[in-house]
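Geometric and topological summary
Listed here are the chains, written in short residue letters.
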Amino acid sequence: MIALASDHGGYRYKERTKVLLDTLGLAWKDFGTDSEESVDYPDFSHAASEAMQHGECDRGIFFCGTGIGISLAANRHRGIRAAACQIPEAARLSRLHNDANVLALGERLIDWDTAEQMIRMWLETPFEGGRHEQRIAKIEIE
Ligand code: RB5
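Residues numbered from 1 in each chain as written. Predicted model: local features only at pLDDT ≥ 70, side-chain atom pairs only at ≥ 80, totals over all residues. Heavy atoms only, no water.

1. What about the site of the ligand?
The criterion, for reference: When at least one non-hydrogen atom of a residue lies within 4 Å of a molecule or strand, that residue is treated as near it. Think of a polar contact as two N or O atoms within 3.5 Å of one another; within protein, one of them needs to be a possible hydrogen donor and the other a possible acceptor, and neighboring residues in sequence only count if both atoms come from side chains. Accessibility throughout is a Shrake-Rupley quantity obtained with a 1.4 Å probe, and a residue counts as covered only by protein chains that appear here.
Taken together, Asp7, His8, Tyr41, Cys64, Gly65, Thr66, Gly69 and Arg108 make up the full set of residues near the ligand. Backbone polar atom of Gly65 to an oxygen atom of the ligand: 2.7 Å apart, as the coordinates give it. Here an oxygen atom of the ligand and a backbone polar atom of Gly69 are 2.9 Å apart. Burial of the ligand by the protein chains amounts to 71% of its free accessible area of 290 Å².

Laid out in structure tokens, this is it:
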């Protein structure tokens, strides 16, 4: 189950991602927001991240204006590795090297075609493991 979250700045891409995931036959759960009315991105990032921590969702795709704020909030949760990416290669490497379980995208920074390419790439790229396992194990500090 893929957790979806956004603030108003990423709302439209979150809605488009639902259609994309439906096309791909992937299940999703939407943790808001529900419109383009101004809201605070941590509220939605925390809700979706908690669902991942509880095992309700196993990965997430989050959106805000830049992808930065919503990823910062997500990364406060143990076990969440949210990667704010602006180019497709970053999304690919976030899976290969960082085993990122949240992809964070900025609707104000990238066009939809690029976002879709990044989402597809991120979903299909496996974690490489090996030397990267020990590095990931050192990320959590408390
Ligand atoms: C909202 O205006 C904007 O600050 C937010 O979407 C995001 O870009 C923050 O990181």
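Now that the structure is up, let's keep going.
2. Focus: the state of the cysteines
As a reminder, the rule being used: Note on disulfides: each one is a pair of cysteine sulfur atoms within 2.5 Å. Think of it in three bands: with a 1.4 Å probe and only protein chains considered, a residue is buried below 20% of the maximum accessible area for its type, exposed above 50%, and partly exposed in between.
Tallied over the full model, the rule gives zero disulfides. With no disulfide of its own, Cys57 lies closest to Cys64 among cysteine sulfurs, the gap being 19 Å. Cys57 sits in the buried class, given a relative accessible area of 3%. Free of any disulfide, Cys85 has its nearest cysteine sulfur in Cys64, 12 Å distant. We classify Cys85 as buried; its relative accessible area is 4%.

3. Some remarks on the nonpolar core
As a reminder, the rule being used: Working definition of a nonpolar core: buried Ala, Val, Leu, Ile, Met, Phe, Trp, Tyr and Cys residues. They are joined through side-chain atoms within 4.5 Å. A run of H or I in DSSP becomes a helix once it reaches four residues, and a run of E becomes a strand once it reaches two; helices and strands are each numbered from the N terminus. We call two residues in contact whenever any of their non-hydrogen atoms come within 4.5 Å of each other.
Residues Ile61, Leu103, Leu105, Ile119, Trp122 and Leu123 are the most contacted members of the largest nonpolar core, which totals 20 residues. Residue assignment for this core shows that the elements contributing at least two residues are strand S1 (2-6), helix H1 (11-24), strand S3 (59-64), strand S5 (102-106) and helix H5 (112-124). A per-element tally of this core places H5 first, with six residues. Not counting residues within four places of it along the chain, the set of residues in contact with Leu123 comprises Ile2, Leu21, Leu24, Leu26, Arg59 and Ile61. Ala3, Ala48, Met52 and Ile70 belong to the second-largest nonpolar core, a separate cluster that totals 16 residues.

4. Describing the pattern of salt bridges
The condition that has to hold: A carboxyl oxygen of Asp or Glu within 4 Å of a side-chain nitrogen of Lys or Arg is what we treat as a salt bridge.
Here the structure, examined in full by the defined rule, presents eleven salt bridges. We note a salt bridge from Glu15 to Lys14, for which the minimum N-O separation is 2.8 Å. Exposure remark for Lys14: the relative accessible area of 0% places this residue in the buried category. For Asp99, the salt bridge identified is with Arg81, shortest N-O distance 3.3 Å. Placement of Asp99 in the loop between helix H4 (88-96) and S5 and of Arg81 in the loop between helix H3 (68-74) and strand S4 (82-84) is noted, with a sequence separation of 18 residues between them. Among the charged side chains, a network of salt bridges with common partners joins Lys14, Glu15, Lys18 and Asp30.

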